[in-house]
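Each chain is listed here by its residues.
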Amino acid sequence: MQKTSKFRNFKVYDFHIITMLRNLEAPHKSSEILSVILPIFKVSMNLAHIKCLSMLLGALCTVQTVCLSKLAGAFDSKASRESSFRRIQRFMAQMVLDLDAVAGYLKSRIPSDGPYTLTMDRTNWKFGEVNINALVLGIAYDHMSFPILFRLLPKRGNSNCKERINILQRLIRLFGRDSIKCLVADREFVGNEWFKWLNDNAIQYHIRIRDNFWVEDPRTNRKIRAQHIFANLKHGEERVLYRIYRVCGELCYLSGAVIKDKTGKSEPQILVSFCRPEEALPAYKERWTIETMFKGLKSSGFNIEDTHMVHINRI
């Protein structure tokens, strides 16, 4: 399949909408999109709204930005740009998409039956004085994460344990516990209550902790900074510890490596795991796929910041 520069981050080889929109000159592309999305939304939306959504998707892949005025100019319609713009505004004001249905469709297009490596991260931008803050749960596949579920947070800053648990519980409700191979997440996603919930539910995870975290050896009750356990590692070296430690009050395994940060300086990368610590470091490399996804949705892709919207449901 031929790749265009705007889609260079989207490495999915059986993804209907992107595939059919390669030929942007096709006069019937909105009707083709309609045939794909009609079964998804026919229960929750009327036909007029589904047709509007199909034209929005076509316009989105033509202009490759979410700026509404530009989308209106690329609508597959004989109506004027002004009429199309008002139609988009009404659609945004009236409709709340069935995001469970969207998640189910996206999962069905990933050429793998799972179980999946889940990526969790947060992205944000600011419009005026309003902070737009999204907690996203993705499925890693072929150097990319797909935003299966997300939650817009009505605040700035980190997510809390309840918000993380809710989004994972939603995934389990939709796709089952067996759909999860492991969860990978960065240093923001730590804490006693969070680790306890993951452990209690036997969800395998590989989560990075800050190198100054205190860890406790439960056999001796001796506490030590995590960085000291891996202090003699050199750049590129890795170590897996098969002894259980207590981190944030919860029992888990530790593994670590020395990597380079954004400035080129060496720093420890220390991970905690529920089980299988030997899989931690390779699995954690897939966490970067969610950064690729954010880049594709934002500055190097569809410029989602250009919505100029502040209402959570409309975003």
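Residues numbered from 1 in each chain as written. Predicted model: local features only at pLDDT ≥ 70, side-chain atom pairs only at ≥ 80, totals over all residues. Heavy atoms only, no water.

**A short note on unusual backbone geometry**
Now for step 1: Going from Gly114 to Pro115, the amide bond is cis rather than trans, its omega being 0°.
Now for step 2: You can see Pro115 is positioned in the loop between helix 6 (99–109) and strand 1 (116–127).
Now for step 3: One non-glycine residue, Asn221, adopts positive backbone phi at about 60°.
Now for step 4: Looking at where Asn221 falls in the secondary structure, it is placed in the loop between strand 6 (214–217) and strand 7 (222–225).
Now for step 5: Taking the relative accessible area as the measure of exposure, Asn221 reaches 53% and is therefore exposed. (Helix = DSSP H or I, 4+ residues; strand = E, 2+ residues; numbered from the N terminus. Buried < 20%, exposed > 50% of the residue type's maximum accessible area, 1.4 Å probe, protein only.)

**Notes on the sheet that holds strand 9 (residues 250–260)**
Now for step 1: Strand order across the open sheet formed by 10 strands is 3-2-1-4-5-10-9-8-6-7, with mixed pairing between neighbours. Looking at which strands have only one partner, the edges of the open sheet turn out to be strand 3 (144–153) and strand 7. Adjacent strand axes in the sheet meet at a mean angle of 35°, parallel and antiparallel pairs treated alike.
Now for step 2: In this sheet, strand 5 (residues 205–209) lies alongside strand 4 (residues 180–185) in parallel orientation, the contact comprising three bridges. Residue pairing across strands places Leu183 opposite Tyr205, the latter belonging to strand 5.
Now for step 3: Strand contacts of helix 7 (residues 161–175): strand 1, strand 2 (130–141), strand 3 and strand 4, with the helix running at about 125° to strand 3, the strand carrying the most contacts. (Pairing = 2+ DSSP bridges. Axes fitted to C-alpha atoms, helices over the stretch in contact; angles between N-to-C directions. Contact = heavy atoms within 4.5 Å.)

**Overview of the side chain of Ser84**
Now for step 1: Tracing the backbone shows Ser84 in helix 5 (residues 81–94).
Now for step 2: Contacts of Ser84, omitting those with residues within four sequence positions, involve Ala72, Phe75 and Ala79.

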